[in-house]
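Structure at a glance
One-letter residues, chain by chain:
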Amino acid sequence: MGRTEEFQELRPLLFSIAYRILGSVGEAEDAVQETWLRFETSPTSPVSTKAYLSAVVTRLSIDVLRSARVRREQYVGQWLPEPLLSDPYQDPARSAELADSVSVAALLLLERLSPLERAVFVLREVFAFGFPEVAAAVGRSEAACRQLAVRARRHMAEGRPRFAADRREREELASGFFDALREGDVAGLQKLLAADVAMVGDGGGKAPQLARAVVGAGNVARVLAAASVLVTRIDVTFEPHEINGQPGAIYRDRDGKVLQTLVLDVVDGRIQAVRLVLNPDKLGHLGPLADVWAVDREAREARRSAR
């Protein structure tokens, strides 16, 4: 097998590692491409191509994450990871770990970790790399990596919900949610939401966004129902779609262009969080983008004319 074939075979794994470290589709793709360039121009052949490429993409991702941390501190409003429609890497033996680690809730927990802790956690806990491989990838001793893994596991465990929903429960709740949303049914929405549900939006200063989180089942239900009725008048539609392994939807304008994504976080039989990504910088990989400001203006005009 030549280098190109070896790389293409491992590409899904490399992207999945990079995405979990970075929370960004575009940055993960860039890290994978740079990994290929380094592999292609390397004068020697590694003993283990998988170990070599995984180490390269991990180190590149750590470097990118360190600079991204500075940008995220200056980010306008709530930062959310870029929506991922499907994880290219599949491993039946670790399907539960892979699905859980790509959820928006898990990626937000990973943001609490240092870049090194995050990389060690991803390699060890998600992809089951041995500590010798982890140590080589992050440039630390095995003992140091074991300590990093312990700290990372503790931080992640502290933030995880006690009663995560199974797939069938999530799908049933999501189906009811989207039916109620189409009807603008406030009561129907409210009964599916946790009492302390929070709705947050990520516009990054480049799209209309919530001034602050909307909290509480009644408040979130009313905002969602009113918005659904309003956007229907201007031919905005949504298509339910699994996003980051969770129930979600992609919103489109009348021309089918992408406006935003919505993801539901289901915990203990209720929807605990509703997360919206509107920042166009995070949506380009989903297809042609709508002019979100023009749609917002049209929605405001529709609201005024309805009064």
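Placed above this text is the structure.
Residues numbered from 1 in each chain as written. Predicted model: local features only at pLDDT ≥ 70, side-chain atom pairs only at ≥ 80, totals over all residues. Heavy atoms only, no water.

**Describing the overall build of the protein chain**
Along its length, the protein chain carries 12 helices and 6 strands. The globule rule puts the C-alpha radius of gyration for 307 residues at 19 Å, and the 21 Å found for the protein chain is close to it. Across its three principal directions, the C-alpha atoms of the protein chain cover 70 × 40 × 35 Å. Within the protein chain, buried positions represent 49% of all 307 residues. Put simply, 66% of the contacts in the protein chain that link residues at least 6 apart link residues at least 24 apart. A total accessible area of about 14700 Å² is found for the protein chain, and carbon and sulfur atoms account for 50% of it. If the 41 positive side-chain charges of the protein chain are averaged to one point and the 42 negative ones to another, these points end up 5 Å apart. (Helix = DSSP H or I, 4+ residues; strand = E, 2+ residues; numbered from the N terminus. Rg over C-alpha atoms; globule rule 2.2 N^0.38 Å. Buried < 20%, exposed > 50% of the residue type's maximum accessible area, 1.4 Å probe, protein only. Contact = heavy atoms within 4.5 Å. Areas by Shrake-Rupley, 256 points an atom, 1.4 Å probe, with all protein chains shown as cover. Lys, Arg positive; Asp, Glu negative; His and termini not counted. Charge placed at Lys NZ, Arg CZ, Asp CG, Glu CD.)

**Observations concerning empty space enclosed by the protein**
Counting across every chain of the model gives 1 cavity of 30 Å³ or more. In this structure, the largest cavity encloses a volume near 60 Å³. Going through the elements one at a time, strand 5 (258-267) and strand 6 (270-277) are the ones with two or more residues in the lining of the largest cavity. The biggest single contributor to the lining of the largest cavity is strand 6, with 3 residues. The class makeup of the residues in the lining of the largest cavity is 8 nonpolar, 2 polar and 2 charged. (1 Å grid on protein atoms, 1.4 Å probe; cavity = no way out; pocket = protein on both sides within 12 Å on 5 of 7 lines; lining within 4 Å. Points joined across faces, edges and corners; volume = space filled by probe spheres on them. Nonpolar A, V, L, I, M, F, W, Y, C, P; charged D, E, K, R; others polar.)

**Some details on the pattern of salt bridges**
Under the counting rule described, the total for this entry stands at 19 salt bridges. Between Asp296 and Arg300 there is a salt bridge; the shortest N-O distance is 3.0 Å. A residue pair is termed a helical-turn pair when its members lie 3 or 4 positions apart in one helix, as Asp296 and Arg300 do in helix 12 (residues 292-306) at 4 residues. In this structure Arg300 comes out as partly exposed when scored by relative accessible area, which is 44%. (Salt bridge = Lys/Arg side-chain N within 4 Å of Asp/Glu carboxyl O.)

**Comments concerning the sheet that holds strand 3 (residues 237-240)**
With mixed pairing, 6 strands are arranged side by side in an open sheet as 2-1-6-5-4-3. This sheet does not close on itself; its edge strands, each paired only once, are strand 2 (214-215) and strand 3. The pairing of strand 1 (residues 193-202) with strand 6 spans 6 bridges and is parallel. Looking at strand 6, one finds that Asp202 is bridged to Val277. Here helix 11 (residues 217-233) sits on the sheet and contacts strand 1 and strand 2; the angle it forms with strand 1, its principal contact strand, is near 50°. (Pairing = 2+ DSSP bridges. Axes fitted to C-alpha atoms, helices over the stretch in contact; angles between N-to-C directions.)

**Some thoughts on the nonpolar core**
Grouped together as the largest cluster of nonpolar side chains are 48 residues, with contacts concentrated most on Ile17, Tyr19 and Phe127. Where this core is concerned, the elements lending two or more residues are helix 1 (3-22), helix 2 (25-41), helix 3 (49-73), helix 5 (104-110), helix 6 (115-126), helix 7 (131-138) and helix 8 (142-159). Of the residues forming this core, the biggest block, 10 residues, is contributed by helix 1. Those residues within four positions of Phe127 in sequence are excluded, and the remaining contacts are Leu13, Ser16, Ile17, Arg20, Tyr89, Arg94, Leu98 and Val122. Ranked by size, the runner-up nonpolar core spans 37 residues in total, among them Leu173, Val236, Leu262 and Val266. (Core = buried A, V, L, I, M, F, W, Y, C linked by side-chain atoms within 4.5 Å.)

**Some details on the pairing of strand 5**
Most of strand 5 is tucked away, with 10 of its 10 residues classed as buried. In the sheet, strand 4 (residues 248-252) pairs with strand 5 via 5 bridges, with the strands oriented antiparallel. Each bridged residue has a counterpart across the sheet, and for Gly248 the counterpart in strand 5 is Val263. Count of turn residues in the strand 4/strand 5 antiparallel hairpin: 5 residues, of which Gly256 carries a positive phi of about 85°. Bridge analysis of strand 5 against strand 6 gives 7 bridges, and the strand direction is antiparallel.

**A closer look at the packing of aromatic side chains**
Think of a pair of aromatic rings as described by two things: how far the centres are apart, and how the planes are tilted against each other in angle. Across all of its chains, the model carries 8 aromatic pairs by this definition. Aromatic side chains Phe177 and Phe178 sit 5.2 Å apart centroid to centroid with 80° between the ring planes, which places their arrangement in the edge-to-face category. The buried category is assigned to Phe178, whose relative accessible area is 4%. One aromatic cluster is present, formed by Phe7, Trp36, Phe39 and Tyr52 through successive ring pairs. When the ring centre of Phe39 is taken as reference, the NZ or CZ atom of Arg3 above it lies at 5.0 Å. For Lys50, the ring lying beneath its charged end belongs to Phe129, and the centroid distance is 5.2 Å. (Phe/Tyr/Trp six-rings, centres within 6.5 Å; stacked < 30°, edge-to-face > 60°. Lys NZ or Arg CZ within 6 Å of the ring centre and 35° of its normal.)

**Structural notes on helix 11**
Compared with the 24 Å implied by 1.5 Å per residue over 17 residues, the 25 Å span of helix 11 between its first and last C-alpha is a close match. Of the surrounding elements, those touching the buried residues of helix 11 are helix 9 (167-183), helix 10 (186-190), strand 1, strand 2 and helix 12. Among the residues trailing helix 11, Asp235 stands out with phi positive, at a value near 65°. (Expected span 1.5 Å × (residues − 1).)

**Examining helix 8**
Residues three or four positions apart in an α-helix share a direction because the helix packs 3.6 residues into each turn. In this model, helix 8 (18 residues) spans 26 Å end to end at C-alpha, consistent with the 26 Å of a helix rising 1.5 Å per residue. Where helix 8 is concerned, the buried positions are Cys145, Leu148, Ala149, Ala152 and Met156. With its buried residues spanning 105° around the axis, helix 8 presents them on a single face. When the buried face of helix 8 is taken as reference, the exposed residues oriented beyond 90 degrees from it are Ala143, Gln147, Ala157 and Glu158. Buried-residue contacts for helix 8 involve helix 5, helix 6 and helix 7. (Arc of directions from axis to C-beta.)

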